[in-house]
Amino acid sequence: MSPSPAGGAPGEPQQLSLLQGFPASAAEASGPALAAQLPVARVLIESSLPHLDRPFDYSVPAALDAEAVPGVRVKVKFNGQELAGYLLERTAGSDAGHPLVPLHKVLSPVPVLTPAVAELAGRIASRYAGTVSDVLRVAVPPRMAKLEREFAPDGRLDPALFGTEMFGLATDVSLPSPAAGSVWATYRNGPAFLAHLAAGESPRAVLTALQGYGHGGWPRMIAEAVAAVRISGRGAVVVVPDYRDLDRVESALLELLPAGDVARLTADDGQTPRYRSFLRVLSGAAGVAVGTRSAAYAPVPNLGLVVCWDDGDDLHIEQRSPYAHSREVLLLRAGQEGAACLLAAHSRSTETERLVASGWAQAVEAERTVLRRTVPRVLNTADSYELEHDPLARVARLPAAAWRAAKEGLERGPVLVQVARAGYAPSLVCETCREPARCTACSGPLAIAGPGGSSAVPQCRWCSSPAPAWRCGTCNGARLRRGATGALRTAEELGRAFPGKPVITSSGDQIKATVPETKALVVATVGAEPVATGGYAAALLLDGDSLLRRENLRAGEDAVRRWFNAAALVRPAPDGGLVVITADDAAGVGALLRWDPAGYASRELALRQELQLPPAVRVASVTGGRTAVGHFTEAIQQRLAAQGTVLRTAGPAPLILPAAAGAGRTPPRDSAARDSGEEVRTLLFIPYAQAADATAVMRAVKASAAAKRSDDPVQLRLDGVDVL
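The paragraphs below set out a description of the structure included in this document.

Rules of the game
- Residues numbered from 1 in each chain as written.
- Predicted model: local features only at pLDDT ≥ 70, side-chain atom pairs only at ≥ 80, totals over all residues.
- Heavy atoms only, no water.
- Helix = DSSP H or I, 4+ residues; strand = E, 2+ residues; numbered from the N terminus.
- Buried < 20%, exposed > 50% of the residue type's maximum accessible area, 1.4 Å probe, protein only.
- Contact = heavy atoms within 4.5 Å.
- Areas by Shrake-Rupley, 256 points an atom, 1.4 Å probe, with all protein chains shown as cover.
- Expected span 1.5 Å × (residues − 1).
- Arc of directions from axis to C-beta.
- 1 Å grid on protein atoms, 1.4 Å probe; cavity = no way out; pocket = protein on both sides within 12 Å on 5 of 7 lines; lining within 4 Å.
- Points joined across faces, edges and corners; volume = space filled by probe spheres on them.
- Nonpolar A, V, L, I, M, F, W, Y, C, P; charged D, E, K, R; others polar.
- Phe/Tyr/Trp six-rings, centres within 6.5 Å; stacked < 30°, edge-to-face > 60°.
- Lys NZ or Arg CZ within 6 Å of the ring centre and 35° of its normal.
- Patch = residues over 30% accessible without salt bridge, like charges linked within 9 Å, V, L, I, M, F, W, Y side chains within 5 Å.
- Salt bridge = Lys/Arg side-chain N within 4 Å of Asp/Glu carboxyl O.
- Lys, Arg positive; Asp, Glu negative; His and termini not counted.
- Charge placed at Lys NZ, Arg CZ, Asp CG, Glu CD.
- Pairing = 2+ DSSP bridges.
- Axes fitted to C-alpha atoms, helices over the stretch in contact; angles between N-to-C directions.
- Core = buried A, V, L, I, M, F, W, Y, C linked by side-chain atoms within 4.5 Å.

Considering the overall build of the chain
Reasoning step 1: Within the chain, the regular secondary structure consists of 22 helices and 29 strands.
Reasoning step 2: Counting over 724 residues, the chain shows a buried share of 51%.
Reasoning step 3: Here the contacts in the chain between residues at least 6 apart in sequence split such that 74% fall between residues at least 24 apart.
Reasoning step 4: Surface accessibility of the chain: about 31700 Å² in total, with carbon and sulfur atoms responsible for 52%.

Notes on helix α2 (residues 115-127)
Reasoning step 1: When the terminal C-alpha atoms of α2 are compared, their 18 Å separation across 13 residues agrees well with the 18 Å that a helix rising 1.5 Å per residue should span.
Reasoning step 2: The complete set of buried residues in α2 reads Val117, Leu120, Ala121, Ile124 and Ala125. Down the axis, α2 shows its buried residues gathered within 135° of arc, on one side only.
Reasoning step 3: Where α2 is buried, its residues meet α3 (132-139), α10 (326-337) and α22 (691-708).
Reasoning step 4: Looking one or two places after α2, you find Ala129, whose phi comes out positive at around 55°.

Some words on empty space enclosed by the protein
Reasoning step 1: Summed over the entire model, instances satisfying the criterion amount to three cavities of 30 Å³ or more.
Reasoning step 2: Approximately 90 Å³ is the volume attributed to the largest cavity.
Reasoning step 3: Elements supplying a minimum of two residues to the lining of the largest cavity: α3 and α10.
Reasoning step 4: The greatest single-element share of the lining of the largest cavity, amounting to three residues, is contributed by α3.
Reasoning step 5: A breakdown of the residues in the lining of the largest cavity according to their chemical character gives nine nonpolar, three polar and four charged.
Reasoning step 6: The calculated volume of the second largest cavity comes to roughly 60 Å³.
Reasoning step 7: Those elements giving two or more residues to the lining of the second largest cavity turn out to be α3 and α9 (271-283).
Reasoning step 8: In terms of residue class, the lining of the second largest cavity is made up of eight nonpolar, one polar and one charged.

So, the packing of aromatic side chains
Reasoning step 1: This model, assessed by the stated rule, comprises seven aromatic pairs.
Reasoning step 2: Pairing Phe151 with Phe162 gives two aromatic rings, centres 4.2 Å apart and planes at 15°, and the pair type is stacked. Of this pair, Phe151 sits in helix α4 (residues 145-151) while Phe162 sits in the loop between α4 and α5 (164-167), and the two are eleven residues apart along the sequence.
Reasoning step 3: Ring geometry for Tyr275 and Phe278: centres 5.9 Å apart, planes at 15°, overall stacked. Here Tyr275 pairs with Phe278, and both are found in helix α9, just three residues apart, close to one helical turn.
Reasoning step 4: What makes Phe278 buried here is its relative accessible area of 3%.
Reasoning step 5: Its end group placed over the ring of Trp360, Arg204 keeps NZ or CZ at 4.4 Å from the ring centre.
Reasoning step 6: In this structure, Arg717 is placed above the aromatic ring of Tyr323, and the distance from its NZ or CZ to the ring centre is 4.8 Å.

Structural notes on a positive patch on the surface
Reasoning step 1: A surface patch of like charges, here positive, comprises Arg421, Arg438, Arg461 and Arg549.
Reasoning step 2: As for its position among the elements, Arg461 is in the loop between β18 (459-460) and β19 (480-484).
Reasoning step 3: For Arg461, a relative accessible area of 46% gives the class partly exposed.

Observations regarding the sheet that holds strand β13 (residues 362-366)
Sheet strands associate in pairs through backbone hydrogen bonding, adopting either a parallel or an antiparallel arrangement.
Reasoning step 1: Taking strand neighbours across the sheet as the criterion, the eight strands line up as β6-β13-β7-β12-β11-β8-β10-β9 in an open arrangement whose pairing is mixed. Two strands close off the open sheet at either side, each with one partner strand: β6 (187-188) and β9 (262-265).

Details of the sheet that holds strand β15 (residues 415-419)
Reasoning step 1: Taken in spatial order, the six strands of this open sheet run β14-β25-β24-β15-β22-β20, and their pairing is parallel. Across the chains shown, the open sheet's two edge strands, defined by having one partner strand only, are β14 (377-380) and β20 (503-506). Sheet twist, expressed as the average angle between the axes of neighbouring strands with direction ignored, equals 15°.
Reasoning step 2: Here β20 pairs with strand β22 (residues 521-525) via four bridges, running parallel. The partner of Ile504 across the bridge, within β22, is Val522.
Reasoning step 3: Strand contacts of helix α14 (residues 400-409): β14, β15, β24 (538-541) and β25 (578-581), with the helix running at about 150° to β24, the strand carrying the most contacts.
Reasoning step 4: Those strands touched by helix α18 (residues 586-594) are β14, β24 and β25, and its axis lies near 150° from that of β14.

Some remarks on the pattern of salt bridges
Reasoning step 1: Under the criterion given, the structure shown has 39 salt bridges.
Reasoning step 2: Residue Glu337 is joined to Arg333 by a salt bridge in which the shortest nitrogen-to-oxygen separation is 2.9 Å. One end of the pair is Glu337 and the other is Arg333, both in helix α10 and four residues apart, which spans about a single turn.
Reasoning step 3: The exposure class of Glu337 is partly exposed, given its relative accessible area of 25%.
Reasoning step 4: When the shortest N-O distance is used, the salt bridge between Glu557 and Arg608 registers 2.9 Å. Pair noted here: Glu557 is in helix α17 (residues 555-567) and Arg608 is in helix α19 (residues 597-611), with a separation of 51 residues, a long-range link. Just as Glu557 is buried, Arg608 falls in that class too.
Reasoning step 5: Taken together, the shared-partner salt bridges connect Glu351, Arg554, Glu557, Arg603, Glu604 and Arg608 into one network.

Observations concerning the nonpolar core
Reasoning step 1: In this structure, Leu305 and Trp563 are the most contacted members of the largest nonpolar core, which totals 74 residues.
Reasoning step 2: Among the nonpolar cores identified, the runner-up in size contains 72 residues, and Val135, Ala139, Phe162 and Ile686 belong to it.

Details of the pairing of strand β12 (residues 340-345)
For a regular strand, side-chain orientation follows a simple rule: the groups alternate between the two sheet faces.
Reasoning step 1: Counting buried residues in β12 gives six out of six residues, a clear majority hidden from the surface.
Reasoning step 2: By the alternation rule, side chains of β12 split into Ala340, Leu342 and Ala344 and Cys341, Leu343 and Ala345, which are all buried.
Reasoning step 3: Note that strand β7 (residues 204-208) and β12 share five bridges and pair parallel. Its bridge partner being in β12, Ala205 is matched across the sheet by Leu342.

Shown next as structure tokens:
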């Protein structure tokens, strides 16, 4: 395809126009001289409009012939505008059927889009029914012209410019070989996995790591796997959820690899450092890319290994369309480039369990004898034995067994206390009827704000409106009580219970990466637990029932993952390590007591397969106004029915519960909901055998609806973890 030029075809009679005046002369209509070889460029325009998600043909002027190579950023004229894009390829001809508009400008002679990444972007867009342009917005960082002039003075990146003089890099350090004392040696299938990597092969493994700290922790294991693949002369990509994990993995890699061989890719570092690392990887100066979710697209040459740590963390999900998950990006990339794959975590998600159960990947786990001497002892205060000795343990937030574990642990080192919520009193309820206290303006939950609960007036957590004269809508009561205790209130109570012991908090916007080896209480929200160098002496996992009560299909799976992540930071049982959990859930707590994350994941997957819920099937959610959602889903169903495919659907269902509706309801997110007055969602469940055809139809319907503009826009999202 190509945009239509202003003039007609050469030699065609032209009619004078009262509006446009006399036609251009023949010389002007013919345009500039074109390149002698491959005069047609296929350009992908940077546009989020679905109906423009395809390459367009442009002619290549002779003046731009040398610079217009595949992968460069270009500027083109489209529909009277100048738009940026990427030159995908050069061809000898075009099937457009009319003269082509010439390329307007080559923004940079550096080919930043490699063929492998361009192909991967197309696969991701197809899988998630999105646009390639949206994927490339994440894959290719914004251009820094100063860095390109510095490292590509003649338009071609020179790896020698990323040298020891500027970065202090050592280029003559030999890569280590897998040693007999490797941490992998204590895991079943571990040594074989490293051996296959070093031999240039591409094994696929799911690792269940035991320790989260010290030399035997998971960062060291990932670093050894990367070092093994570097021995074979291939590159690696490592993706982690956040900057704290990134710092740990980067430090472990630098212990085994030359500093110049590791490139750090994360938007948190700023645009200039990120683009410098991107150019290092693109030039081949660095063979290992490590970073957060955008690092999954790093253009590592001769890719041999992709690694994803803790794929169950929702930070791996891109927050912009098409909402791709890092795990899925890396799986597609491993298949496309024939690379090895390592999915590692302390627990196991149902998605990775499905890969193991299908035989696609092999499990790398520790033997039970190794496990018993590596992990801490786990105690449940809700079991029959503990309840017999402490009848109040079921209702107490800090049962006697947890208090004893904290007291004894403080004699040996730091003690971790995991809580569910940040703040002081993150939720309030009516003291009379125990109904949640809601804001009269927006129906949001009321809470006590301020550091240490210093605010005397409750405030709404959504709109921050104060509620000095609150009245319960159910019983007309005027007295409030705490419905949940936050990290700050917990730290305050523990400080009184253990006088003389320091209390450290890690929650909200004050998250700590590490804590010193002092005898202190460390109160942290789930996911914000700092790492103690020598491990914690004990850990108290509070508010487990609150995590399990979340209205989400993955509430149990996510709670178990968070428990294992915290317990892995505790010293082994032979060294006195103890974990106390206060939740009642039999299946999840039992998995932690046995230290059997694989068994819990297998049970969850079996239940999902029986009920035909994700990840046993894929799910697509269509969100927007009721009319627009109805038309969109009907168009999808009609096209699939023509192909003989019928999908199971659920909805449309309102997104806002009736209890929260009324004058104070939260305003809809977009114009589609505003125009219809109600925002709804419809779910479509897609078997894997029909997923390719279904997503192609959804993508086509989305493009057709965007081009016609007959309905309000809707949001189409594939495999969202928060829709069930």
